[in-house]
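# Report on the structure
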Amino acid sequence: MKVEAVRGMTDILPEEAVLWQYVEAEIREAVAIYGYREIRTPIVERAELFARGVGETTDIVHKEMYVFPDKKGQMLALRPEATASVVRAYIEHGLYAKGGVAKLYYLGPMFRYEKPQKGRKRQFHQYGVEALGSLDPALDAEVIDLAWYIMERLGLRREGLFLRLNSIGCPEDRPRFREALREYFLPHREELCPDCKRRLEENPLRILDCKVPTCREVAAGAPRSLDHLCSGCREHFERLLGYLDALGLAHELDPKLVRGLDYYTRTVFELASRDLGAQDALLGGGRYDGLAEALGGPPTPGVGFAGGLERLILVLGEREPPDKCFRLITGPTVYLLPVGEGEVTEALRILAQLRRAGIPADMDYAGRSLRKRLQVASQLGARYALFFGEEERARGAAKVRDLGTGHEEYVPLGELVSYLRGRSRRR
Ligand code: HAM
């Protein structure tokens, strides 16, 4: 019986990986320009980190997290997201001691046991940024501006995208808002799905997030968090809106946007694509001013976002890959054709020499005929075929054929690297 990949966990094959590498390189460059530095945290964390950080009643933790005991019975989890991990590392390594704002970014696989569909996988990849150490709404604006900048760099049209924005207030505002939601939903209890009936008791905010049509209908008339903000949160939000206007960043206020993670305070946002259908969020984020404290660290405000690479690739994949992609395809420049078995040792030596000089070079290991090997060289896009046989050995040279022009000449082995480099410069 064939062993297949686990459902919802996908192989990225070489042709596709080119686009991934391009997108990842663009993201790394974009975030570096904004002053973010990479942090790599483990894929496996204590399950408790996400229960406390993301929230026990969220779908992500309650239903979707991969949890398992290790050999000593300690409960571990495959990370469903990285914000809690980054904040844990920030506390654990005392990054706050440096003062100022810590600007961190990450790229890597996350795991959620969701129903796989277009743009939704069980192992998926996120890129994300976290800025820790400031309450200033200018930092929220910077983070949102960075999200737009990444899209611009990837050539996604602004008209095809939209930013949903909301403020869900601070922990002081939350009980009032929750109460208002509970009061509103209670008379509609029977119309809600079984999950939302539970949410009504545990955390009515989550009902606003439910995708079940009947719940959405009921939620349409629900109270808005924006009407339950304290003066501090209102001012924060208004200043943010002012900055976004000044930066010319369009946004749509979305009172239903609460996001599926419990750590958020004040600003929440999602950047969505009009081309994606149901799973339209290219990225999502917001402020989480209480998270560091909830994880046992010093009170440290933070703001950030994360986006799914699969969804970006989906949106980008429908268009021609940019020229930049092709630079990353490393077909050989030189294809070696040892003529006769005895010449393989020397061919290996020549290959090693060219490769160490940074010249992509390859040869056939499948025992194909000389004619077939020449065909392969052309198919791979090689610029030169390099013959090495008895005659070449006698001359201490290799015969180099330019596969474009057909021009051939003998080049002494010691001069191969400079010859090939010189010719590529002249082209
Ligand atoms: P999130 O909204 O759960 O937020 O995920 C962020 C993004 O990851 C989504 O907008 C989507 O593009 C992608 N994504 C999520 N689940 C899947 C999936 N199953 N398959 C494919 N893509 C998916 C967070 O994870 C927060 N940590 C974001 C954040 C950072 N907030 C503050 N800082």
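Bear in mind the structure is a predicted one, so any value in this text is a computation, not a measurement.

## Section: the site of the ligand
- Surveying the vicinity of the ligand reveals 29 residues, the closest of which are Glu81, Thr83, Glu114, Glu130 and Tyr264.
- The contact in question runs from a nitrogen atom of the ligand to an N or O atom on the side chain of Tyr264, over 2.6 Å.
- A distance of 3.0 Å separates an oxygen atom of the ligand from a polar backbone atom of Gly308.
- If the ligand stood free it would expose 660 Å²; the protein chains cover 96% of that surface.
- If you list the elements that add at least two residues to the shell around the ligand, you get β6 (123-132), β10 (281-287) and β11 (302-308).
- In terms of residues, the shell around the ligand owes the most to one element, β10, which gives six residues.
- A per-class count over the shell around the ligand returns twelve nonpolar, nine polar and eight charged.

## With respect to the state of the cysteines
- Taken as a whole and assessed by the stated rule, the structure comprises zero disulfides.
- Unpaired in terms of disulfides, Cys193 finds its nearest cysteine sulfur in Cys215, a separation of 3.7 Å.
- The buried category is assigned to Cys193, whose relative accessible area is 12%.
- As a non-bridged cysteine, Cys210 has Cys196 as the owner of its nearest cysteine sulfur, 3.6 Å distant.

## Quick notes on the pattern of salt bridges
- Enumeration over the complete set of coordinates arrives at 39 salt bridges.
- Of the charged contacts, one joins Lys2 and Glu4 as a salt bridge, the two residues approaching to 3.9 Å between their closest N and O atoms. Like Glu4, Lys2 is exposed.
- Notably, a salt bridge pairs Arg274 with Glu252, separated by 3.8 Å at the nearest N-O pair. Here Arg274, found in the loop between β9 (265-273) and β10, pairs with Glu252, found in strand β8 (residues 252-253); they are 22 residues apart in sequence, far enough to count as distant.
- Residues joined in a network through salt bridges with shared partners are Arg164, Asp254, Arg259, Glu270 and Asp280.

## Things to note about the layout of surface pockets
- Considering only enclosed or pocket space, the second largest pocket measures out at about 300 Å³ in volume.
- In terms of lining, the second largest pocket is formed by 18 residues, of which the most central are Arg174, Asp262, Tyr263, Tyr264 and Thr265.
- Elements with a contribution of two residues or more to the lining of the second largest pocket: α2 (47-55), α6 (174-185) and α10 (291-294).

## Observations regarding the sheet that holds strand β15 (residues 397-402)
- Here five strands make up an open sheet; going across it, the order is β13-β12-β14-β15-β16 and the pairing mixed. The open sheet terminates on both sides in strands that have one partner only, identified here as β13 (361-363) and β16 (408-412). Between one strand and the next, the sheet's axes are offset by a mean angle of 30°, whatever the strand orientation.
- Across five bridges, β15 lies against β16 in antiparallel orientation. Counted as the bridge partner of Arg401 is Glu408 from β16.
- The strands touched by helix α13 (residues 344-356) are β12 (334-338), β13 and β14 (384-388); relative to β13, the strand with the most contacts, the crossing angle is about 160°.
- Sitting on the sheet, helix α14 (residues 370-379) is in contact with β12, β14 and β15, with an inclination near 175° to β12.

## Some points on the sheet that holds β6
- Here eight strands make up an open sheet; going across it, the order is β1-β5-β6-β11-β10-β9-β7-β8 and the pairing mixed. This sheet does not close on itself; its edge strands, each paired only once, are β1 (37-38) and β8.
- Two elements, strand β7 (residues 161-167) and β8, share two bridges in a ladder whose sense is parallel. When the sheet's bridge partners are listed, Arg164 is paired in β8 with Glu252.
- Packing of helix α4 (residues 83-92) onto the sheet brings it into contact with β5 (102-111) and β6, and relative to β6 it is tilted by some 45°.

## Some words on a nonpolar patch on the surface
- Among the surface-exposed residues, Ile43, Val44 and Phe68 lie close enough to one another that they form a single nonpolar patch of about 190 Å² accessible area.
- Looking at the element boundaries, Val44 is found in strand β2 (residues 44-46).
- Val44 gets classed as partly exposed once you look at its relative accessible area, which sits at 35%.

## Section: the pairing of β7
- Of all seven residues that make up β7, seven are buried, and the element is covered over most of its length.
- Burial along β7 is two-sided: the face carrying Leu161, Leu163, Leu165 and Ser167 and the face carrying Phe162, Arg164 and Asn166 are both buried.
- As defined by bridge partners, β7 adjoins β9 across seven bridges and the pair is classed as antiparallel. Looking across to β9, one finds that Leu161 is bridged to Ser273.

## Concerning the side chain of Arg373
- Structurally, Arg373 can be placed in helix α14.
- It turns out Arg373 is buried and unbridged, and the closest side chain with the opposite charge, Asp364, is 4.5 Å from it.
- Among the polar contacts made by the side chain of Arg373, one reaches the main-chain carbonyl oxygen of Pro338 at a distance of 3.1 Å.
- Setting aside its immediate chain neighbours within four residues, Arg373 contacts Tyr335, Leu337, Pro338, Asp364 and Arg368.

## Quick word on the packing of aromatic side chains
- Per the counting criterion, the structure on display carries eight aromatic pairs.
- The interplanar angle of 65° and the centroid separation of 4.8 Å between the aromatic rings of Tyr263 and Tyr264 together place this pair among those described as edge-to-face. Neither residue differs from the other here; Tyr263 and Tyr264 are each classed as buried.
- Ring centres of Phe269 and Phe305 lie 6.4 Å apart, and the angle between their planes is 70°; this geometry places the pair in the edge-to-face category. Placement of Phe269 in strand β9 and of Phe305 in strand β11 is noted, with a sequence separation of 36 residues between them.
- By relative accessible area, Phe269 is classed as buried at 0%.
- What makes Phe305 buried here is its relative accessible area of 2%.
- Among the aromatic residues, ring-to-ring pairing joins Tyr127, Phe269 and Phe305 into one connected group.
- In this arrangement the basic side chain of Arg158 is found over the ring face of Trp148, its NZ or CZ atom lying 5.4 Å from the centre.

Conventions adopted
- Residues numbered from 1 in each chain as written.
- Predicted model: local features only at pLDDT ≥ 70, side-chain atom pairs only at ≥ 80, totals over all residues.
- Heavy atoms only, no water.
- Near = heavy atom within 4 Å.
- Polar contact = N/O pair within 3.5 Å; in protein donor to acceptor, adjacent residues only side chain to side chain.
- Areas by Shrake-Rupley, 256 points an atom, 1.4 Å probe, with all protein chains shown as cover.
- Helix = DSSP H or I, 4+ residues; strand = E, 2+ residues; numbered from the N terminus.
- Nonpolar A, V, L, I, M, F, W, Y, C, P; charged D, E, K, R; others polar.
- Disulfide = S-S within 2.5 Å.
- Buried < 20%, exposed > 50% of the residue type's maximum accessible area, 1.4 Å probe, protein only.
- Salt bridge = Lys/Arg side-chain N within 4 Å of Asp/Glu carboxyl O.
- 1 Å grid on protein atoms, 1.4 Å probe; cavity = no way out; pocket = protein on both sides within 12 Å on 5 of 7 lines; lining within 4 Å.
- Points joined across faces, edges and corners; volume = space filled by probe spheres on them.
- Pairing = 2+ DSSP bridges.
- Axes fitted to C-alpha atoms, helices over the stretch in contact; angles between N-to-C directions.
- Contact = heavy atoms within 4.5 Å.
- Patch = residues over 30% accessible without salt bridge, like charges linked within 9 Å, V, L, I, M, F, W, Y side chains within 5 Å.
- Lys, Arg positive; Asp, Glu negative; His and termini not counted.
- Phe/Tyr/Trp six-rings, centres within 6.5 Å; stacked < 30°, edge-to-face > 60°.
- Lys NZ or Arg CZ within 6 Å of the ring centre and 35° of its normal.

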